[in-house]
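Structural overview for review
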Number of protein chains: 2
Amino acid sequence: MEKILEHKRFLEQAYLESIKALKKGEVPVGAVVVKDGKIISKGHNQRISKQNPLYHAEIVAIQEASKKLNSWRLDDCILYTTLEPCAMCAGAVMQARIKKVIFCVTDTKGGAVVSNLNIFDSGLPFRVDYEFIQMDKPKELLQEFFKSLRK
Amino acid sequence: MEKILEHKRFLEQAYLESIKALKKGEVPVGAVVVKDGKIISKGHNQRISKQNPLYHAEIVAIQEASKKLNSWRLDDCILYTTLEPCAMCAGAVMQARIKKVIFCVTDTKGGAVVSNLNIFDSGLPFRVDYEFIQMDKPKELLQEFFKSLRK
């Protein structure tokens, strides 16, 4: 139970990151990387504002964590992200040797962890655990964003 | 036939990139992005030398192409890479809206296009064509590299 509260606390931080993305007109997704119970990096989606197809929240956070640790290996790190990772981000998690991913909104369109395919259970080399912990605010933020886009 | 020769010419350029990776002690993989019959960016694997888990050859080339075009969308671009893309790189190709990937060595360990899973045919949103054109030199380079690692 205490563990779930800790996870939700970090997902809340990822959610605050996602608001930064929203303010830039980006799909509101945020992520944080945690090591030894502390946030070592944060990221929000900046794909359009940076005109960089790689700049999903998770990629930004992973890259920042690598810089911080001065290592390509992010062993013993957990990635918290508001949205289920896409194939690129799930693949990046494996490449960085991140041990676990926790997310709070599923992505039926582009999700590659539980929705369309399950990259982490597909027999690829690097074992990654994952957990879905539902939270309402990040989901509502995304729904509102896409609703306003359609208008 | 002429098309195959053109593809091989670009794969040859990707191979030259892979030699740059080898000289840095990296897994020798190289990539180029081509638009309108011209190379607009090149990349080689620099994961260890840059201590960045994202710096596969394909990612470096995609990022560079984006900078060049000042756009996150790489429509009408072809990515040539010496090695079958991993999940991260295949995902990045989709995110960048690259229309086609051509590679010349399959990767039974981490490949995510034809070997372990087929991300491009998995029902994810963005349609990407792919083609495998066998070439000996890039394969031999990779084999020699891994043989020397095992020694």
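Use the structure listed above.
Throughout this document, residue positions are counted from 1 along each chain, in the order its sequence is written. Both sets of labels track the order of writing: A upward for chains, 1 upward for ligands. Only residues with pLDDT of 70 or above have their local features reported here, since the model is predicted, and side-chain atom pairs are shown and tallied only from 80 upward, although totals for entire chains, interfaces and linings are computed over all residues. To get the side-chain values, take all heavy atoms of the structure and skip hydrogens and water.

**Things to note about the packing of helix H3 (residues 87-95) of chain A against helix H3 (residues 87-95) of chain B**
When two helices pack together, their arrangement is given by the angle between the helix axes and by the axis-to-axis distance. For clarity, the threshold we go by: Axis definition: a line fit to C-alpha positions, over the contact stretch in the case of helices; interaxial angles, taken between N-to-C directions, run 0 to 180 degrees. Under the scheme used here, helices are H or I runs from DSSP no shorter than 4 residues and strands are E runs no shorter than 2 residues, and both carry numbers assigned from the N terminus. An angle counts as roughly parallel when it lies under 35 degrees, as roughly antiparallel when it exceeds 145, as roughly perpendicular when it falls between 65 and 115, and as oblique in every other case. By convention, the crossing between two helices is left-handed when the near helix turns anticlockwise from the far helix through less than a right angle, and right-handed when the turn is clockwise. Here a residue-residue contact requires only that any non-hydrogen atoms of the pair lie within 4.5 Å. Under the scheme applied, nonpolar residues are Ala, Val, Leu, Ile, Met, Phe, Trp, Tyr, Cys and Pro; charged residues are Asp, Glu, Lys and Arg; polar residues are all the others, including Gly.
Direction vectors running N to C along H3(A) and H3(B) enclose 155 degrees, while the axes themselves pass 7 Å from each other. With respect to H3(B), the axis of H3(A) lies roughly antiparallel. At the point where H3(A) passes H3(B), the crossing takes the left-handed sense. Contacts from Ala87(A), Met88(A), Gly91(A), Ala92(A), Met94(A) and Gln95(A) in H3(A) reach Ala87(B), Met88(B), Gly91(B), Ala92(B), Met94(B) and Gln95(B) in H3(B). Residues belonging to the contact of H3(A) with H3(B) are distributed by class as follows: eight nonpolar, four polar and no charged.

**Looking at the pairing of strand E2 (residues 38-44) of chain A**
All names here are of chain A. Here is the rule: Any two strands with at least two DSSP bridges between them are considered paired.
In the sheet, strand E1 (residues 30-35) pairs with E2 via six bridges, with the strands oriented antiparallel. Residue Val32 lies in a different strand from E2, and its bridge partner there is Lys42. Between E1 and E2, which pair antiparallel one after the other, the connecting turn spans two residues, and Asp36 there sits at a positive phi close to 50 degrees.

**Considering the packing of aromatic side chains**
Residue and element names in this part refer to chain B. Definition in use: Stacked, edge-to-face and tilted labels apply to pairs of Phe, Tyr and Trp rings (six-membered ring for Trp) whose centres lie within 6.5 Å, assigned for plane angles under 30 degrees, over 60, and everything in between, in that order. Each residue is assigned to one of three classes by its accessible area relative to the maximum for its type, calculated with a 1.4 Å probe on protein chains only: buried under 20%, partly exposed between the two thresholds, exposed over 50%.
Overall, the coordinates contain eight aromatic pairs over all chains when judged by the stated rule. Judged by centre distance (5.7 Å) and plane angle (45 degrees), the rings of Phe103 and Phe132 are tilted. You can see Phe103 sitting in strand E4 (residues 100-105) and its partner Phe132 sitting in strand E5 (residues 129-132), a full 29 residues away along the chain. A relative accessible area of 0% places Phe103 in the buried class.

**A look at the relation of the copies chain A and chain B**
Applied cut-off: Superposition of the copies was done by least squares, using only C-alpha atoms of residues whose pLDDT is at least 70 in both.
Of the transformation superimposing chain A on chain B, the axial component is 0.0 Å and the angular component is 180 degrees, with the fit at an RMSD of 0.0 Å. Expressed as a symmetry operation, the mapping of one chain copy onto the other fits a two-fold axis. By C-alpha distance to the rotation axis, the residue of chain A lying nearest is Met88(A), at 2.0 Å. Here 97% of the contact residues of chain A are again contact residues in chain B; the copies associate through an equivalent surface.

**Digging into the packing of helix H1 (residues 2-23) of chain B against helix H4 (residues 136-150) of chain B**
Residue and element names in this part refer to chain B. It is at 10 Å that the axes of H1 and H4 come closest, and there the two elements cross at 15 degrees. Classified by the interaxial angle, the pair formed by H1 and H4 is roughly parallel. For the element pair H1 and H4, the recorded crossing hand is left-handed. In this structure, H1 uses Glu12, Tyr15, Ser18, Ile19 and Leu22 to contact H4, whose residues at the interface are Lys137, Pro138, Leu141 and Phe145. Classifying every residue of the contact of H1 with H4 by side-chain character gives six nonpolar, one polar and two charged.

**So, the environment of Ile98(B)**
Residues and elements named next belong to chain B. Residue position: Ile98 is located in the loop between H3 and E4. On the basis of relative accessibility, which here comes to 1%, the residue Ile98 falls in the buried class. Ile98 sits 91 residues away from His7 along the chain, and the two C-alpha atoms are 16 Å apart. Sequence-distant contacts of Ile98, that is, excluding residues within four places in its chain, are made with Ile62, Leu74, Cys77, Ile78, Leu79, Val93, Arg127 and Val128.

**Structural notes on the nonpolar core**
In plain terms, the rule: The definition of a nonpolar core used throughout is a set of buried Ala, Val, Leu, Ile, Met, Phe, Trp, Tyr and Cys residues joined through side-chain atoms within 4.5 Å.
In this structure, Ile119(A) and Ile119(B) are the most contacted members of the largest nonpolar core, which totals 92 residues. In this view, Ile119(B) contacts Ala87(A), Leu117(A), Ile119(A), Ala87(B), Ala90(B), Met94(B), Ala112(B) and Leu124(B); residues no more than four positions away in its chain are not counted.

**Notes on the interface of chain A and chain B**
Convention followed: Salt bridge criterion: a side-chain nitrogen from Lys or Arg within 4 Å of a carboxyl oxygen from Asp or Glu. Pairs of N or O atoms within 3.5 Å make up the polar contacts considered here, provided that, within protein, one atom can donate a hydrogen while the other can accept it, and that residues adjacent in sequence are counted only when both atoms are side-chain atoms.
Each side of the interface is counted separately: chain A has 35 residues, and chain B has 34 residues. In this structure, the connection of chain A to chain B is made through zero salt bridges. Linking chain A with chain B are six residue pairs in polar contact (both at pLDDT 80 or more). Elements with a minimum of two residues in the side of chain A that touches chain B: helix H2 (57-69) and H3 of chain A. No other element matches the six residues that H3(A) contributes to the side of chain A that touches chain B. Partitioned by chemical class, the residues of the side of chain A that touches chain B number 18 nonpolar, 14 polar and three charged.

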